[in-house]
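Given next are the chains, with one letter for each unit.
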Amino acid sequence: MKLKNIKEISGKIKLITGLHIGAGETEIHIGGTDNPVVKHPFTNEPYIPGSSLKGKIRSLLELKSGLIKYSKQLNKDGEPLSMEIIKKAKENNENKDRIEYGLKIIKLFGTSGAEENAKKMLGPTRVSFSDCMITEEMREKAQKGEIVLTEIKAENRINRITGTAQHPRFTERVPAGIEFNFCITLKEFEGDEGLEELLLEGMKLLEHDALGGSGSRGYGRIKFEFNDSEIQERYNKINPFKPV
């Protein structure tokens, strides 16, 4: 296995709607919110963890593959796609194109430490996601007081009988319009084919879904804009719902 190149794919993530990626607070502070967003410990600015991007893009591609249904047969319902699931799919005479699609997903995003044989066969994880920090333009506007980087949104349940609001909850989110820088690196080995296109397809799927929490309530709609015009042109032409 020979490494040919490490390609950098970078650009901006624009928030179309408010974004909430939780910080996992266990305490409610006086005058604060009970559901804060994750922030950088030094700057106190919100950011998008690379793990959040990677996890959501991978899960959407795995759902598209149609292979997750075999995880239930292994008592691994809901777990990430693995070589064990691929093996079960083969035993069930699954479509070869789907099998190949699943193998590309595992090659791109990697396997668990328990699957040593898979690591030997497929090699190292190809893709790496950096944490996404706010752009310098957004930072300057926030420092001038022209924009805010977070907002508090009150949410509640509606009593079906009385029609009144109850159980208020205050959620912090990054407002629509804020922009973040993103950087993804892709290792390219001899024999690798179609992995970059698979990555871009997953990013396009994410644009049609939601990042972070409360997606069903309209949160987390985003748009990717690439620094490389050639990648942007290819990305614009991708149909993420093309059958496998």
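Heads up: the structure comes first, above all this text.
Residue numbers run consecutively from 1 along every chain, following the written order of its sequence. Local features in a predicted model are, by the rule used here, given only for residues with pLDDT of at least 70; side-chain atom pairs are given and counted only at 80 or more, and totals for whole chains, interfaces and linings are based on all residues. No hydrogens and no water enter the side-chain calculation; it runs on all heavy atoms of the structure.

Focus on the pairing of strand β5 (residues 179–189)
Here is the rule we go by: Criterion used throughout: strands pair if DSSP finds at least two bridges between them. Numbering of helices and strands runs from the N terminus; a helix is a DSSP stretch of H or I covering at least four residues, while a strand is a stretch of E covering at least two.
Pairing analysis gives eleven bridges linking strand β1 (residues 3–15) to β5, with the strands arranged antiparallel. Each residue of the ladder has a partner; that of S10, found in β5, is C183. Direction of pairing for strand β2 (residues 127–129) relative to β5: antiparallel, over a ladder of three bridges. Residue pairing across strands places V127 opposite L186, the latter belonging to β5.

Looking at the pairing of β1
Here β1 runs beside strand β6 (residues 222–226); their pairing, made up of five bridges, is antiparallel. When the bridges of β6 are listed, K12 appears paired with E225.

Examining helix α1 (residues 50–65)
Quick note on the threshold: Here, expected helix span is obtained from the residue count minus one, scaled by 1.5 Å. Burial classification: accessible surface area is computed with a 1.4 Å probe over protein chains only, and a residue below 20% of its type maximum counts as buried, one above 50% as exposed, and the rest as partly exposed. Contacts: residue pairs with any heavy atoms within 4.5 Å of one another.
Here α1 is 16 residues long and its end C-alpha atoms lie 23 Å apart, about the 22 Å a rise of 1.5 Å per residue gives. Among all positions in α1, only G50, L53, I57, R58, L60, L61, E62 and S65 are buried. Lining the buried residues of α1 we find β1, α3 (96–109), β2, α6 (195–208) and β6.

Focus: the sheet that holds β2
We count it as follows: For helices, the fitted axis covers only the stretch in contact; all axes are lines through C-alpha atoms, and the angles between them, taken along N-to-C directions, range from 0 to 180 degrees.
Reading across the sheet, the four strands line up as β2-β5-β1-β6 and stay open at both edges, with antiparallel pairing between neighbours. Edge positions in the open sheet fall to β2 and β6, since each of these has one partner strand only. Each strand of the sheet is rotated relative to its neighbour by a mean of 30°, with strand direction disregarded. In this fold helix α7 (residues 229–236) packs onto β1 and β6, with an angle of close to 140° to the strand it touches most, β6.

Some thoughts on the packing of α1 against α6
How we decide: Relative orientations are named as follows: roughly parallel for angles under 35 degrees, roughly antiparallel for angles over 145 degrees, roughly perpendicular for angles from 65 to 115 degrees, and oblique for any other angle. Gly counts as polar in this scheme, as do all residues outside two lists: the nonpolar Ala, Val, Leu, Ile, Met, Phe, Trp, Tyr, Cys and Pro, and the charged Asp, Glu, Lys and Arg.
It is at 9 Å that the axes of α1 and α6 come closest, and there the two elements cross at 95°. Overall, the two elements α1 and α6 adopt an arrangement that is roughly perpendicular. Every residue of α6 that contacts α1 at L53, K56, I57, L60, L61 and K64 is listed here: L198, E201, G202, M203, L205 and L206. A class-by-class count of the residues in the contact of α1 with α6 yields eight nonpolar, one polar and three charged.

A short note on the pattern of salt bridges
As a reminder, the rule being used: Salt bridges are defined by distance alone: a side-chain nitrogen of Lys or Arg within 4 Å of a carboxyl oxygen of Asp or Glu.
Under the defined criterion, the tally for this structure stands at 22 salt bridges. The residue D209 makes a salt bridge to K56 at a minimum N-O spacing of 2.6 Å. Taken together, the residues span a long stretch of sequence, with D209 in the loop between α6 and β6 and K56 in helix α1 at a distance of 153 residues. Take D209: its relative accessible area is 31%, and that puts it in the partly exposed class. Salt-bridge contacts for E91 lead to K88; the nearest nitrogen and oxygen are separated by 3.3 Å. Taken as a pair, E91 and K88 lie in helix α2 (residues 83–91) at a separation of three residues, close to a single helical turn. Here the residues in one salt-bridge network are K7, E196, E197, E230 and R234, joined through shared partners.

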